[in-house]
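What the coordinates show
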Amino acid sequence: MEDVAAPSTSSDQISSMDVDGEAKKLLGLGNRHLVMGDIPAAVNAFQEASSLLGKMYGETADECGEAFFLYGKSLLELARMENGVLGNALEGVPEDNDEDEERADDSKLQNNEEMNEAEALEEDKENEDTGDKENEDEEVGNLQLAWEMLELAKVIYGRKKTEEAQLHAAQAHLKLGEVSVESENYSQAIEDFQACLSLQKQHLEAHNRLLAETHYQLGLAYHYNNQNSEAVLQFTESVAVIEKRMAMLKEQLDKPESDSAAQHKEMEELKELLPEIQEKIEDAKDAQKSGKVSELALKVTLIGNSTSDFAQTGVVSNVPVKSIDGAAASNCVSDISHLVRKKAEDRSQTEPESTA
């Protein structure tokens, strides 16, 4: 693996170095790592850039927006990757635990001296595990850290009214929504996707693919939150945007001076997306029908019980649907010194950052 040359970030050296130039190099390096699929290396590079710019300009400065966004985006990808690895690693764990218990039972059959030694070792191990757990609790998780950095990027871009800045703010909302989906906080995800869509509709043409992506992500969040009628609507909107895009590309392909190779490639990509979205629409419709059937069955059950004493006394059965409130708005983050830190996979050459 390629080592990232980590510049010193001590306060007495930052003022004398070309921070902007160094940060630009690190951002370019991080983007290359993202393209190549080396997510941990990308996180390292974006972390260094965020640290440099944050110390030089302040954590809410305009100069930090791009670095914070890319750092948060790469942390989200790292969290997804690690969750996948963890899921694979957990396969077969119960069998391993059974073997450990069998070996522990065998050791207890030995003489008292050996048993005392085993108990002492087990106690030491428990103490060590407790310490490790405490350290783990103190460490900020990748998803939480991604949320913090993306929230900062959203604030930085959101206070500027230029079209470019507003579209960057929209992308920050999009990634914040994806973080909430990963955290299974679907109500908050819906809120962020809606904010993203609102900004995009102000500045993008109706056939822009970014709109299709946001409608799709919003549809997923609604689907996961069991709001399937809204999910169908958003998936359908995503299809409509793609169809508009394909119609626009067809018009361009009919022109002799068009760049047919690039447009043909995009057209094929869009054609491949449509069946996937259509499948999501059918899934949401099936879930919607299942929900209605379940609701009808519940009503039938309640009506069947209406001859009970409750019905005779005039008490009406009522089964409320519990709604999931979105997460309360967090206070603006103004200090990321506890957030910009190295992961365990950092190279030994890189200066470690402190964690909260």
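The structure reproduced in this document is the subject of the present report. (Residues numbered from 1 in each chain as written. Predicted model: local features only at pLDDT ≥ 70, side-chain atom pairs only at ≥ 80, totals over all residues. Heavy atoms only, no water.)

A separate point is the overall build of the chain. Counting secondary structure elements, the chain contains 13 helices and zero strands. Counting from the amino terminus, helix and strand elements in the chain follow one another as α-α-α-α-α-α-α-α-α-α-α-α-α. In the chain, which comprises 356 residues, the proportion classed as buried is 37%. Excluding contacts between residues fewer than 6 apart, the proportion of contacts in the chain whose partners are at least 24 apart in sequence is 68%. Summed over its atoms, the accessible surface of the chain is roughly 21200 Å², and 50% of this surface lies on carbon and sulfur atoms. (Helix = DSSP H or I, 4+ residues; strand = E, 2+ residues; numbered from the N terminus. Buried < 20%, exposed > 50% of the residue type's maximum accessible area, 1.4 Å probe, protein only. Contact = heavy atoms within 4.5 Å. Areas by Shrake-Rupley, 256 points an atom, 1.4 Å probe, with all protein chains shown as cover.)

With that settled, consider helix α10 (residues 209-224). Here α10 is 16 residues long and its end C-alpha atoms lie 23 Å apart, about the 22 Å a rise of 1.5 Å per residue gives. Most of α10 is tucked away, with 12 of its 16 residues classed as buried. Among the residues of α10, those classed as buried are Leu211, Ala212, Thr214, His215, Tyr216, Gln217, Leu218, Gly219, Leu220, Ala221, Tyr222 and His223. For α10, the N-terminal cap is asparagine 208; the gap from its side-chain oxygen to the backbone nitrogen of leucine 210 is 2.9 Å. A positive phi of about 60° marks asparagine 226, the residue just after α10. (Expected span 1.5 Å × (residues − 1). Polar contact = N/O pair within 3.5 Å; in protein donor to acceptor, adjacent residues only side chain to side chain.)

A few words on the packing of aromatic side chains. Tallied over the full model, the rule gives two aromatic pairs. Considering the side-chain rings of tyrosine 186 and tyrosine 224, the 5.5 Å spacing of their centres and the 40° angle between planes classify their relative orientation as tilted. Residue tyrosine 186 is located in helix α9 (residues 186-203), and its partner tyrosine 224 is located in helix α10; the two are separated by 38 residues in the primary sequence. In this structure tyrosine 224 comes out as partly exposed when scored by relative accessible area, which is 38%. (Phe/Tyr/Trp six-rings, centres within 6.5 Å; stacked < 30°, edge-to-face > 60°.)

This brings us to unusual backbone geometry. Of note in the backbone geometry, glutamate 184 takes a positive phi value of approximately 65° without being a glycine. Take glutamate 184: it is sitting in the loop between α8 (163-182) and α9. A relative accessible area of 60% places glutamate 184 in the exposed class. A positive phi is found at asparagine 226, a non-glycine position, where the angle reads about 60°. Residue class for asparagine 226 comes out exposed when judged on its relative accessible area of 65%.

Our next topic: the pattern of salt bridges. Summed over all chains, the structure comprises 11 salt bridges. The shortest N-O distance in the salt bridge between arginine 209 and glutamate 266 comes to 3.7 Å. Taken together, the positions of arginine 209 in helix α10 and glutamate 266 in helix α12 (residues 260-304) put the pair 57 residues apart, joining distant regions of the chain. Overall, arginine 209 belongs to the partly exposed group, its relative accessible area being 31%. The partner of arginine 209 in a salt bridge is glutamate 269, and the shortest N-O contact between them spans 3.2 Å. Taken together, the residues arginine 209 in helix α10 and glutamate 269 in helix α12 connect sequence positions 60 residues apart. Residues joined in a network through salt bridges with shared partners are Glu77, Arg80, Lys175, Glu178 and Glu182. (Salt bridge = Lys/Arg side-chain N within 4 Å of Asp/Glu carboxyl O.)

With 18 residues, α9 ought to run about 26 Å at 1.5 Å a step, and its terminal C-alpha atoms sit 26 Å apart, in line with that. Turning to α9, its buried residues are Tyr186, Ser187, Gln188, Ala189, Ile190, Asp192, Phe193, Cys196, Leu197, Leu199 and Gln200. Considering only its buried residues, α9 is in contact with α8, α10 and α11 (228-253).

The subject of this paragraph is the environment of glutamate 279. Relative to the elements of secondary structure, glutamate 279 occurs in helix α12. Given a relative accessible area of 52%, glutamate 279 falls into the exposed group. Separated by 44 residues in the primary sequence, glutamate 279 and phenylalanine 235 have C-alpha atoms spaced 9.7 Å apart.

Below, the discussion takes up the side chain of serine 238. Among the structural elements, serine 238 can be located in helix α11. Residue class for serine 238 comes out buried when judged on its relative accessible area of 1%. When neighbours within four sequence positions are excluded, serine 238 is seen to be in contact with Ala212, His215, Tyr216 and Ile277.

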